[in-house]
Amino acid sequence: MLKAKLESILFASGKPVPLRHLAKILEVSPAELEKTVTELKSEHNRETSGIHLVDHDDALQFVSSPAHAELLAGLVKDEFQGELTRPQLETLSIICYRGPVTKPEIEQIRGVNCSLIIRNLLIRGLVQEEDDSERLQPVFRVTSDFVRHLGLHELSELPEFERFAKDERISKLMEEATAPALEN
């Protein structure tokens, strides 16, 4: 059961997860976690597996097999260099007008899970993730490269920036997203 839980967390994360954080989430000792990690490595890190487990800098991440790098290069190129989809544009707009913004705040505004969309925007270099000690979770903001690409000097030059950046309805939605976190 521990192995399945660990696989689920690593699959859903999409980025390296520190071992200490995994031990805490899974409520296991570092030794117990290490034993499970060793089992996963022996199952996945072989030529016949399309998924490999990377253990680097005391963090774990599932990645695709290095043997399939060329195959995936075309897929990744198409996925991340094509035009943005409507959901990606909506999410990017929220980050532009309301950033820095947390994932739960984005999801509260859009009404749907945005994990994959945010991952795509991060990979494209349009947004960046930063730690926020006040909110105790990562926040997202657009990159300076993206602002330059738009031909802007600052985000306040966006159309109707003041209106959307200070819209009370959006502020209320964002507060609703953070309220449960503050209550716990």
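Our structure is the block above this text.
This report concerns the structure included in the present document.

Conventions we followed
Residues numbered from 1 in each chain as written. Predicted model: local features only at pLDDT ≥ 70, side-chain atom pairs only at ≥ 80, totals over all residues. Heavy atoms only, no water. Pairing = 2+ DSSP bridges. Helix = DSSP H or I, 4+ residues; strand = E, 2+ residues; numbered from the N terminus. 1 Å grid on protein atoms, 1.4 Å probe; cavity = no way out; pocket = protein on both sides within 12 Å on 5 of 7 lines; lining within 4 Å. Points joined across faces, edges and corners; volume = space filled by probe spheres on them. Nonpolar A, V, L, I, M, F, W, Y, C, P; charged D, E, K, R; others polar. Expected span 1.5 Å × (residues − 1). Contact = heavy atoms within 4.5 Å. Phe/Tyr/Trp six-rings, centres within 6.5 Å; stacked < 30°, edge-to-face > 60°. Buried < 20%, exposed > 50% of the residue type's maximum accessible area, 1.4 Å probe, protein only. Polar contact = N/O pair within 3.5 Å; in protein donor to acceptor, adjacent residues only side chain to side chain.

**Looking at the pairing of strand β2 (residues 51-56)**
Looking at chain direction, β2 and strand β3 (residues 59-64) are connected through 6 bridges and run antiparallel. The residue of β3 that forms the bridge with H52 is V63. Hairpin geometry of β2 and β3 is characterised by an intervening segment of 2 residues between the two adjacent antiparallel strands and by a positive phi of about 50° at D57.

**Things to note about the layout of surface pockets**
Estimates place the volume of the largest pocket at around 1400 Å³. Surrounding the largest pocket, 40 residues form its lining, A12, S13, G14, K15 and R119 being those nearest its centre. For the lining of the largest pocket, the elements supplying multiple residues, two or more each, are α1 (2-13), α2 (19-26), β3, α4 (69-81), α6 (103-110) and α7 (115-123). In terms of residue class, the lining of the largest pocket is built from 22 nonpolar, 11 polar and 7 charged.

**Considerations on α1**
Taking 1.5 Å of rise per residue, the 12 residues of α1 would be expected to cover 16 Å, and the 17 Å separating its terminal C-alpha atoms lies within 8% of that figure. At its buried positions, α1 is contacted by β1 (17-18), α2, α3 (30-44), β2 and β3. Immediately beyond the C-terminal end of α1, within one or two residues, lies G14, with a positive phi of roughly 75°.

**Examining the packing of aromatic side chains**
What the rule picks out here adds up to 2 aromatic pairs. An angle of 25° between the planes, with centres 5.8 Å apart, marks the rings of Y97 and F161 as stacked. Linking Y97 in helix α5 (residues 86-98) with F161 in helix α9 (residues 161-165), this pair joins segments that are 64 residues apart in sequence. A relative accessible area of 17% places Y97 in the buried class. Given the relative accessible area of 15%, F161 is considered buried. Ring geometry for Y97 versus F164: centroids 5.5 Å apart, planes at 75°, classification edge-to-face. A residue pair is termed long-range when its members are at least 10 positions apart, and Y97 in helix α5 and F164 in helix α9 qualify at 67 residues.

**Quick look at α6**
Within an α-helix, residues lying three or four positions from one another point in the same direction, as the helix has 3.6 residues per turn. Residues E105, I106, E107 and R110 constitute the buried set of α6. Remark: G111 follows α6 within two positions and exhibits a positive phi of approximately 85°.

**Some points on the side chain of T91**
Mapped onto the elements, T91 comes out in helix α5. A distance of 2.9 Å separates a polar atom in the side chain of T91 from the backbone oxygen of P87. Those residues within four positions of T91 in sequence are excluded, and the remaining contacts are I106, R110, C114, I117, I118 and L121.

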